[in-house]
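Single-letter residue listing:
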Amino acid sequence: KQYELMQSKVKGIDKSIASYVKAQKAAAKATAQAAKAASAAAKANKAQDSSIASLKKSLKTASVEFERLERIQGKTGAAGEKLIKKMAKLKAEIDLTNKERKKAADLAKLNITIANEEVGSYNRLSARYSKLKLELNALSAQERKSTQSGRDMENQSRAIYEEMKRLQEATGKTALNV
């Protein structure tokens, strides 16, 4: 009888080990996927850096040309106005590129946090909520209400928010109860 009891415990331990190994493999796979996403984001950032450098160089050239024309003409004429518009356009492109770059970096950070944090942890929920919020903010009010995916995203964000609120309340923090 004791032998059977020991055998039963050994089988239970074997199952626990197998379950642990399976969880480790899943965690390794998620980490590899997060690393791949981070690498892709880094490549995109490098390409955007090159684009920004080119745009800044063009802006500098336009500024120098504008100053040269201003000295020659003593005031801005049609050519000066054209350069001013070109400079404004280049600055707007730089600002947009920087904004897109920051958004991509923020999204990559959220994906890494989601992949690396424990399932059900506050940090993972917070990262998922932030990512979902970015996706929802990109939708119009009409898309949110009239499409199944929009309604699902709203429901999911509400559920995540409520779970985050519950977890915070369990620690005595009530910042989300505003």
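### What about the overall build of the protein?
Reasoning step 1: Counting its regular elements, the protein contains five helices and zero strands.
Reasoning step 2: In sequence order, the protein lays out its α and β elements as α-α-α-α-α.
Reasoning step 3: Principal-axis analysis of the C-alpha atoms gives the protein an extent of 105 × 35 × 35 Å.
Reasoning step 4: With 178 residues in all, the protein has 17% of them scored as buried.
Reasoning step 5: Roughly 13,200 Å² of accessible area belongs to the protein as shown, and the carbon and sulfur atoms make up 57% of that amount.

### Some thoughts on the packing of aromatic side chains
Reasoning step 1: Applying the stated criterion across every chain, the model contains one aromatic pair.
Reasoning step 2: Centre to centre, the rings of Tyr129 and Tyr161 are 5.6 Å apart; their planes meet at 40°, and the pair counts as tilted. One end of the pair, Tyr129, is in helix α3 (residues 122-137); the other, Tyr161, is in helix α5 (residues 148-170), with 32 residues separating them in the sequence.

### Things to note about the environment of Lys86
Reasoning step 1: Relative to the elements of secondary structure, Lys86 occurs in helix α2 (residues 78-116).
Reasoning step 2: The spacing of Lys86 and Arg166 is 80 residues in sequence and 53 Å in space, taken between C-alpha atoms.

### A word on the pattern of salt bridges
Reasoning step 1: Applying the stated criterion across every chain, the model contains eight salt bridges.
Reasoning step 2: Note that Lys91 and Asp95 form a salt bridge whose closest N and O atoms lie 3.2 Å from each other. Of this pair, Lys91 and Asp95 are both found in helix α2, four residues apart, which corresponds to roughly one turn of the helix.
Reasoning step 3: A residue is classified by how much of its surface remains accessible, and Asp95, at 40% relative accessible area, is partly exposed.
Reasoning step 4: Its salt-bridge partner being Glu154, residue Arg144 comes within 3.9 Å of it at the nearest N-O pair. With a gap of ten residues between them, Arg144 in helix α4 (residues 141-146) and Glu154 in helix α5 connect regions that are remote in the sequence.

### Here we look at the layout of surface pockets
Reasoning step 1: Size it by volume and the largest pocket reaches roughly 240 Å³.
Reasoning step 2: Mapped onto the lining of the largest pocket, the elements with two or more residues apiece are α1 (2-73) and α2.
Reasoning step 3: By residue number, the principal contributor to the lining of the largest pocket is α1, which donates five residues.
Reasoning step 4: Each residue belonging to the lining of the largest pocket can be placed in one class, and the counts come to seven nonpolar, two polar and three charged.

### Side note on the packing of α3 against α5
Reasoning step 1: With their axes 9 Å apart at the nearest point, α3 and α5 run at an angle of 150° to one another. The angle between the axes of α3 and α5 places the two elements in the roughly antiparallel class. Viewed along their axes, α3 and α5 form a crossing whose handedness is left-handed. Contacts between α3 and α5 involve Tyr122, Leu125, Ser126, Arg128, Tyr129, Leu132, Glu135 and Leu136 from the former and Gly150, Met153, Glu154, Gln156, Ser157, Ile160, Tyr161, Glu163, Met164, Leu167 and Gln168 from the latter.
Reasoning step 2: Taken together, the residues that form the contact of α3 with α5 break down as ten nonpolar, five polar and four charged.

The rules behind these values
- Residues numbered from 1 in each chain as written.
- Predicted model: local features only at pLDDT ≥ 70, side-chain atom pairs only at ≥ 80, totals over all residues.
- Heavy atoms only, no water.
- Helix = DSSP H or I, 4+ residues; strand = E, 2+ residues; numbered from the N terminus.
- Buried < 20%, exposed > 50% of the residue type's maximum accessible area, 1.4 Å probe, protein only.
- Areas by Shrake-Rupley, 256 points an atom, 1.4 Å probe, with all protein chains shown as cover.
- Phe/Tyr/Trp six-rings, centres within 6.5 Å; stacked < 30°, edge-to-face > 60°.
- Salt bridge = Lys/Arg side-chain N within 4 Å of Asp/Glu carboxyl O.
- 1 Å grid on protein atoms, 1.4 Å probe; cavity = no way out; pocket = protein on both sides within 12 Å on 5 of 7 lines; lining within 4 Å.
- Points joined across faces, edges and corners; volume = space filled by probe spheres on them.
- Nonpolar A, V, L, I, M, F, W, Y, C, P; charged D, E, K, R; others polar.
- Axes fitted to C-alpha atoms, helices over the stretch in contact; angles between N-to-C directions.
- Parallel < 35°, antiparallel > 145°, perpendicular 65-115°, else oblique.
- Left-handed = near helix turned anticlockwise from the far one by under 90°.
- Contact = heavy atoms within 4.5 Å.

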